[in-house]
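Architecture at a glance
One-letter residues, chain by chain:
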Amino acid sequence: MDWEPTPLVIKAAQSLKPGRALDLACGAGRNALWLAERGWNVTAVDGSPTAIEVLRNRAAERGVTVDARVADLERGEYVIEPSRWDLIAMCHYLQRDLFETVQSGLVPGGVSMAIVHITEPGQEPTRHRLKPGELAAYFDRCEILHTYEGMANDTAHRHLVAEMIAMKTAVSDPRERTH
């Protein structure tokens, strides 16, 4: 099993001051562990009890704390609170209705990242793959810091992907304002 963090997580986090991070569809937690080892307060969510157990064991072995939770994101079993997170990662997972919630879950200046599989030439988009160029539309309220489409830069995933790192620049929804 590849325990190295996703290169995009490193790229997104390296220039940020550690704060609250949310790793959605975290799998066995390679990104959550890497962030926790660098001082982030990490919550990691995945629908697989086995993956979360592996994550908890790896965190204990490494002496770091990760709030690891079993929750089915498609069923809404985990709620992303508005204006709470400094960093939200969604790597190699596509759930279109989460993009809006991820944006609202960021604090102003917070960063989200997404890696999704995209279709090969001649293929139609599916539930698990976007068409090339589609990912940017989901980050229309953010400043785009990085975008890439092509072969994954991750040894664990060898497919065509779209990557996005985006920063929430301002409070755009009055319900997100804190008093």
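Located above this text is the structure these notes cover.
Note that this is a predicted model, so its numbers are computed, not measured.

**What about the overall build of the protein chain?**
The helix and strand inventory of the protein chain stands at four helices and seven strands. For the protein chain, the succession of helices and strands along the chain, N to C, is α-β-α-β-α-β-β-α-β-β-β. Structurally, the protein chain occupies a C-alpha span of about 45 × 45 × 35 Å along its principal axes. Classification of the 179 residues of the protein chain by burial places 49% in the buried group. Here the analysis covers contacts within the protein chain between residues at least 6 apart in sequence; of these, 59% occur between residues at least 24 apart.

**As for the sheet that holds strand β3 (residues 66–70)**
Spatial ordering of the open sheet is given by β3-β2-β1-β4-β5-β7-β6, a layout of seven strands whose pairing is mixed. The strands lining the two open edges of the sheet, one partner per strand, are β3 and β6 (142–151). Neighbour-to-neighbour, the strand axes of this sheet turn through a mean angle of 10 degrees, independent of strand direction. When strand β1 (residues 20–24) meets strand β4 (residues 85–91), the two strands line up parallel, connected through four bridges. Looking across to β4, one finds that Leu 22 is bridged to Ile 88. Lying over the sheet, helix α2 (residues 30–37) contacts β1, β2 (41–46), β3 and β4, oriented at roughly 170 degrees with respect to β2. The strands touched by helix α3 (residues 49–62) are β2 and β3; relative to β3, the strand with the most contacts, the crossing angle is about 165 degrees.

**Here's the deal with the pattern of salt bridges**
One pass over the full model with this rule turns up seven salt bridges. Residue Arg 38 pairs with Glu 37 through a salt bridge whose shortest N-O separation is 3.6 Å. According to the relative accessible area criterion, Arg 38 is partly exposed, its value standing at 41%. One connected set of salt bridges, linked through shared partners, spans Glu 37, Arg 38 and Arg 62.

**Let's talk about the state of the cysteines**
As used in these notes, a disulfide is a covalent bond between sulfur atoms, one from each of two cysteines. Inspection of every chain in the model, using the stated rule, returns zero disulfides. Unpaired in this structure, Cys 26 has its nearest cysteine sulfur neighbour in Cys 91, at a distance of 11 Å. Look at Cys 26 and you get buried, because its relative accessible area is 9%. Of the residues examined, Cys 91 reaches a relative accessible area of 8% and is grouped as buried.

**Overview of the packing of α2 against α3**
Relative to each other, α2 and α3 sit at 25 degrees, their axes nearing to 10 Å. For the element pair α2 / α3, the angle class is roughly parallel. The hand of the α2/α3 crossing is right-handed. Contacts between α2 and α3 involve Ala 32, Leu 33 and Glu 37 on the former and, on the latter, Leu 55, Arg 58, Ala 59 and Arg 62. A breakdown of the residues in the contact of α2 with α3 according to their chemical character gives four nonpolar, no polar and three charged.

Definitions and cut-offs
Throughout, residues of each chain are indexed from 1 in the direction in which the sequence is written. Owing to the predicted nature of the model, reporting of local features is limited to residues with pLDDT of at least 70; listing and counting of side-chain atom pairs is limited to 80 or more, with chain, interface and lining totals taken over all residues. The side-chain numbers reported here are obtained from all heavy atoms of the structure, hydrogens and water having been left aside. Starting at the N terminus, helices and strands are each numbered in turn, a helix being any DSSP run of H or I of at least four residues and a strand any DSSP run of E of at least two. Here the term buried applies to any residue with accessible area under 20% of the maximum for its type, exposed to any over 50%, and partly exposed to those in between, with areas from a 1.4 Å probe on protein chains only. Contacts were defined at the residue level, with two residues in contact if any of their heavy atoms lie within 4.5 Å. Two strands make a pair as long as DSSP finds a minimum of two bridges between them. Only the stretch in contact is used when a helix axis is fitted, and all axes are lines through C-alpha atoms; the angle between N-to-C directions ranges over 0 to 180 degrees. By definition here, a salt bridge exists when the distance from a side-chain nitrogen of Lys or Arg to a carboxyl oxygen of Asp or Glu is within 4 Å. In what follows, a disulfide is any cysteine sulfur pair within 2.5 Å. Throughout, the term roughly parallel applies to angles under 35 degrees, roughly antiparallel to angles over 145, roughly perpendicular to angles from 65 to 115, and oblique to all others. Helix crossings get a hand from a simple test, with the near helix turned counterclockwise from the far one by less than a right angle marking a left-handed crossing and a clockwise turn marking a right-handed one. For this classification, Asp, Glu, Lys and Arg are treated as charged, while Ala, Val, Leu, Ile, Met, Phe, Trp, Tyr, Cys and Pro are nonpolar and the rest, including Gly, are polar.

In short, shape yes, function no, at least from these values alone.
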